[in-house]
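Given next are the chains, with one letter for each unit.
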Amino acid sequence: MWKAAKWGMFSLVVALAIVLAGIVGFAIGEDGESPTVTVTQPEPARFEILDEIYQILGESFVDPNSVDIDVLRDGAINGILEALGDPHTVYITPAEFELGIDPITGAFEGIGAQVELDPITGDIVIVTPFRDSPAEKAGIRPGDIVRAVDGETTEGWSVAQAVRRIRGTAGTLVTLTIEHADSTSEEVPITRDTIVIQTLFARPIVDADGEPVEDLAYIELEQFTEQTVTELRDELRRISDEGYAGLILDLRRNPGGSLQATVDVADMFLDGGVVLTQVDRDGSETVFEARPGGEATDIPMVILIGPGSASGSEVVAGALRDHGRAVLIGQQTFGKGSVNQLRTLSDAGALYVTIARWLTPNGEQIEGVGLLPDITVEASEDELVTGAGPQLYSAIDLLRAGLIQAQ
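Bear in mind the structure is a predicted one, so any value in this text is a computation, not a measurement.

Asker: Before we go on, may I ask you to explain the pairing of strand S17 (residues 246-250) in this structure?
Answerer: If a strand is regular, its side chains alternate between the two faces of the sheet. Among the five residues in S17, five count as buried, and that is most of the element. Of the two faces of S17, both are covered, the one formed by Gly246, Ile248 and Asp250 as well as the one formed by Leu247 and Leu249. Bridge count between strand S16 (residues 216-221) and S17: five bridges; the pairing is parallel. The residue bridging Ile219 from the neighbouring strand is Leu249, located in S17. A crossover connection joins S16 to the parallel S17 through helix H6 (residues 226-241); in handedness this β-α-β unit is right-handed.

Laid out in structure tokens, this is it:
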């Protein structure tokens, strides 16, 4: 049985130096190991012309040193996949696959950021840097475009190629050429380190006047893992016991996680009903539903969203919005709503292939579209780092005004 492991801008959460946000949502085996899948070979006649072209190039091309079979084969593969128009279906070369593709369960070495391929522009984009990571400390922000790595342009790169160049051993240096949201560019040197990912942050907040907010709870989720589910359940019990009047759930730096953990998180805030619908290639639908009687079905809620909200966080936000459980405040989300399955290949490489897409309970497509907030509020530059700013203050004001009622 396949289980979706992450869907996340590679949106799998992948334990790579820079995590694949867009492949988030690939399938792994029940034991957590990448499955071995037999790949059916196409009829030889269908691609006979490629051998014919290679033979002619080998005999006649003016620069014989350029006729490298490995380079040309990879180019042909990537050309086939590019023709599909799906940035999440990608070929991983054997060398890239050796980097290791594992769900995030602990520590890994790298810069501590999650990236995705923008499906419209083809840019390598930072979905989010992890809190207290080398990437965040160096000034990397959600939505930043990686234009070059160590001086080499990223134009035409896949996410896997970016990962291969950016990840590395703790203590080593990598320099990223970054284009920020305001179109300014800079070279950012980052020393790689061992990254330990914490998924839940619960802390006191203050309002726009700097006064402590003691009646509202604040929880930030940065990933969806089994650990997240356990920690969130404990935190919601504390919130209930202490009698908070409302909850702010911050998903602005959350690129996704495992499908099961995502459904489990949404389940805690719903008293039954559809969480998401998965639509397969033949149009068949798989409906994921919440159980009756979640841990926090009565507390008024605001969810903070933005460009760093992708995949699983979009599913949770969409489900709670569609069921009237939460108001969305912030900016449009990234738009990653597909399942990507990992299939190993005979050359020791692998293929991520999109096998399904997700819809919100109301039938809204996430992939390539994202979610629009109910109330649009632009974030200040500091808010992307500290979490505090106009978006948070708007959530506080809305909850204090009593305009949100649990449904």
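And the narrative resumes.
Asker: Would you explain a nonpolar patch on the surface in this entry?
Answerer: Taken together, the side chains of Phe47, Ile49, Leu50, Ile53 and Ile80 define a hydrophobic patch exposed on the protein surface, amounting to about 420 Å² of accessible area. Looking at which element gives the most residues to the nonpolar patch, the answer is helix H1 (residues 48-60), with three residues. Summarising the element assignment, Phe47 is placed in the loop between strand S3 (26-28) and H1.

Asker: Help me understand helix H10 (residues 390-400) in this model?
Answerer: In an α-helix, one turn spans 3.6 residues; hence positions three or four apart end up facing the same way. Every buried residue of H10 is accounted for by Gln391, Leu392, Ala395, Ile396, Leu398 and Leu399. The buried residues of H10 occupy one face: seen down the axis, they fall within an arc of 165°. Looking one or two places after H10, you find Gly402, whose phi comes out positive at around 75°.

Conventions and cut-offs
Here the residue numbering is sequential within each chain, running from 1 through the sequence in written order. The model is predicted, so local features are restricted to residues of pLDDT at least 70 and side-chain atom pairs to those at 80 or more, both for listing and for counting; the totals for chains, interfaces and linings are taken over all residues. In computing side-chain values, all of the structure's heavy atoms are included and hydrogens and water are not. In this scheme, a residue with accessible area under 20% of its type's maximum is buried, one over 50% is exposed, and one in between is partly exposed, where area comes from a 1.4 Å probe on protein chains only. Numbering of helices and strands runs from the N terminus, with a helix taken as a DSSP run of H or I at least four residues long and a strand as a DSSP run of E at least two residues long. Strand pairing is assigned whenever DSSP identifies at least 2 bridges connecting the two strands. Handedness of a crossover is defined as follows: orient the strands so they point away from the viewer, and if the path from the first strand over the helix to the second runs clockwise, the crossover is right-handed. Like charges are joined within 9 Å and nonpolar side chains (Val, Leu, Ile, Met, Phe, Trp, Tyr) within 5 Å, but only among residues with over 30% relative accessible area and no salt bridge; these make up the patches. All accessibility values rest on the Shrake-Rupley procedure with a 1.4 Å probe; residue burial counts only the protein chains present in the view. Salt bridges, as used here, are contacts in which a Lys or Arg side-chain nitrogen is within 4 Å of a carboxyl oxygen on Asp or Glu. By definition, the arc is the one covered by directions from the helix axis to the C-beta atoms.

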